[in-house]
Amino acid sequence: MKKRVWILNHYAIPPTIGGITRHFDYAKELVKRGYDVTIFASSFDHKQRVEMLEKGSKFKIEDYSGVGFVWIKTTPYKKNDLKRVINILSFAKNLYFIAKNFEKPDTIIASSFHPLTWVVGYWLSKKKKADFVAEVRDLWPQSGIDLGAFKEGSLIVRLLRRLEKFIYTKAKYVITVLPKADEYIQSLGISKEKIVHISNGCDVERFDSLKDSVPEEVKKILDEHEGYFKACYLGALGKANAMETIIEAAKYVQEKVDDRIHFLIIGDGPEKEKLERMAKELNLANVFFYDPVSKLSVPGLLERVDITLVSMHNLKVYRFGISLNKLFDYLCAAKPIVFAGNVANDIVKDSGAGISCDAYDSKGFAEGIIKLYEMSEDERKRMGQKGREYVEKYHDIKKLADRLEQIINGDGN
């Protein structure tokens, strides 16, 4: 009898929507191996602020390539204010009361962004007598402290520390996305044997099957920049993404090479309007903003740009490393990357897939772009190929799913 697995993730999505498909990718691979996998997620798309359920519906079940999605109604919001907190609370409450009526799973994997998903996952595991696995995508409350949102020693921090230690203690395994998060988790007294690192990655097979496709949303973008050298940023436009570095670099590039290099900023988020104003105030004729594209459109888009861009803030939390989904897409596309950031694991540097500089070094970032622009196409291809080989070796979903399967079967080590 095949094992039944639940994955709880407030923000999980299928590839038909623009965003992070980590859990769908793993779930699809597990389904191929004979597992029954259901993902429980919010029906409110927090990137585009769109509700997917009809009025009056509490939840909806859909199937994507054999992966079950249970879309759970949550309170909508527009900004990162009190309504978003209510959205989180409503997801936790509705998740418990809806999921408890589903047939018993063998394993429940509860994934943070916020720790309430852990709490509900633990409660459900007790009720259903299932194995409980906690996945850590953000270190609560440490990430909040490092970002300046929480103060060390405050009541909320003390409560969150007690909660995270409780969850780590009760979990059969703790999955970490960040490569060095195990150091932090062990410092809380958690055994090294139950901590498993499973990074983000790329579905290489799906990526390759789609790279020759040029959907209309991609064609429209590319047609507007035909004949220009295209430097692409693809992803969220939030405070965590340090996009000012890229916009400032675009000004330097414009001064050096006019508008021969076009910056394509494709995504959405709370900082988008601010960044658009910044580009306008700097009189930039080489920066262009576009709405997010479907995950299924990403391979065709990246196949037809010249280089890719990533910028990071200089934050203490990055001492535990990073695992950016966009970075693995860039690597899989074999496109050179310009990276700005001070992190424990500089994949761009380690793989030889591009040029790295310090966080906020907009001049160094711009110089890296110009250097790639001045290279021959063959030189850029060789650089991009190094990234492709790196992602195939270390971050292909099929290989990462092997580790997840071991956890489900109780063989994490």
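Since we're looking at a predicted model, the values are computed, not measured.

### What about the packing of helix 3 (residues 116-128) against helix 5 (residues 155-170)?
How two helices pack is summed up by the angle between their axes together with the distance between the axes. Where helix 3 contacts helix 5, the axes come no closer than 11 Å and their chain directions differ by 40°. Of the possible angle classes, the one that applies to helix 3 and helix 5 is oblique. Helix 3 and helix 5 meet at a crossing whose hand is left-handed. Seen from helix 3, the contacting residues are Trp 118, Val 119 and Tyr 122; seen from helix 5, they are Leu 163, Glu 164, Phe 166, Ile 167, Tyr 168 and Lys 170. Of the residues assigned to the contact of helix 3 with helix 5, the class counts are 7 nonpolar, no polar and 2 charged.

### Side note on the sheet that holds strand 16 (residues 354-357)
Reading across the sheet, the 6 strands line up as 13-12-11-14-15-16 and stay open at both edges, with parallel pairing between neighbours. Looking at the sheet topology across the chains shown, the edges are occupied by strand 13 (287-290) and strand 16. Adjacent strand axes in the sheet meet at a mean angle of 20° when their direction is disregarded. Taken together, the 4 bridges between strand 14 (residues 307-311) and strand 15 (residues 337-340) define a ladder with parallel strand orientation. Note on strand 15: the bridge partner recorded for Leu 309 is Val 338.

### Quick notes on the layout of surface pockets
Each pocket or cavity is described by its volume, and for the second largest pocket that value is around 190 Å³. In terms of residue class, the lining of the second largest pocket is made up of 3 nonpolar, 1 polar and 5 charged.

### Quick look at the packing of aromatic side chains
Here the structure, examined in full by the defined rule, presents 16 aromatic pairs. Seen from their ring centres, Tyr 122 and Phe 132 are 5.8 Å apart, and the 65° between their planes marks the pair as edge-to-face. Of this pair, Tyr 122 sits in helix 3 while Phe 132 sits in strand 8 (residues 131-136), and the two are 10 residues apart along the sequence. What makes Tyr 122 buried here is its relative accessible area of 13%. Judged by its relative accessible area of 4%, Phe 132 is buried. Put simply, the rings of Trp 6, Phe 40, Phe 59 and Phe 102 touch in pairs and so form one group of aromatic residues.

### A closer look at the UniProt feature "domain: Glycosyl transferase family" (unreviewed entry) in the protein
The UniProt feature table records "domain: Glycosyl transferase family" (unreviewed entry) at residues 216-389. Along residues 216-389, the helical share is 44% and the strand share 17%, with 30 Å between the first and last C-alpha atoms.

### What to know about the environment of Leu 163
Summarising the element assignment, Leu 163 is placed in helix 5. Through-space distance from the C-alpha of Leu 163 to that of Pro 115 is 8.1 Å; in sequence the pair is 48 residues apart.

### Some words on the pattern of salt bridges
Scanning the entire structure with this criterion turns up 23 salt bridges. With its nearest N and O atoms 2.8 Å apart, the salt bridge here joins Glu 405 to Arg 33. Of this pair, Glu 405 sits in helix 16 (residues 397-408) while Arg 33 sits in the loop between helix 1 (22-32) and strand 2 (36-42); the two residues are 372 residues apart in sequence, bridging distant segments of the chain. On the basis of relative accessible area, Arg 33 is assigned to the partly exposed category, the value being 27%. A salt bridge links Lys 211 to Asp 208; the shortest N-O distance between them is 4.0 Å.

### Some thoughts on the packing of helix 1 against helix 16
Running from N to C, helix 1 and helix 16 cross one another at 75°; their axes reach a closest spacing of 9 Å. Judged by the angle between their axes, helix 1 and helix 16 are roughly perpendicular. Counting all contacts with helix 1, which are made through Asp 25, Tyr 26, Glu 29, Leu 30 and Lys 32, the residues of helix 16 involved are Ile 397, Lys 398, Leu 400, Ala 401, Leu 404, Glu 405 and Ile 408. Classifying every residue of the contact of helix 1 with helix 16 by side-chain character gives 7 nonpolar, no polar and 5 charged.

Basis of the calculations
Residues numbered from 1 in each chain as written. Predicted model: local features only at pLDDT ≥ 70, side-chain atom pairs only at ≥ 80, totals over all residues. Heavy atoms only, no water. Axes fitted to C-alpha atoms, helices over the stretch in contact; angles between N-to-C directions. Helix = DSSP H or I, 4+ residues; strand = E, 2+ residues; numbered from the N terminus. Parallel < 35°, antiparallel > 145°, perpendicular 65-115°, else oblique. Left-handed = near helix turned anticlockwise from the far one by under 90°. Contact = heavy atoms within 4.5 Å. Nonpolar A, V, L, I, M, F, W, Y, C, P; charged D, E, K, R; others polar. Pairing = 2+ DSSP bridges. 1 Å grid on protein atoms, 1.4 Å probe; cavity = no way out; pocket = protein on both sides within 12 Å on 5 of 7 lines; lining within 4 Å. Points joined across faces, edges and corners; volume = space filled by probe spheres on them. Phe/Tyr/Trp six-rings, centres within 6.5 Å; stacked < 30°, edge-to-face > 60°. Buried < 20%, exposed > 50% of the residue type's maximum accessible area, 1.4 Å probe, protein only. UniProt positions renumbered as here; feature names shortened; annotations may be inferred. Salt bridge = Lys/Arg side-chain N within 4 Å of Asp/Glu carboxyl O.

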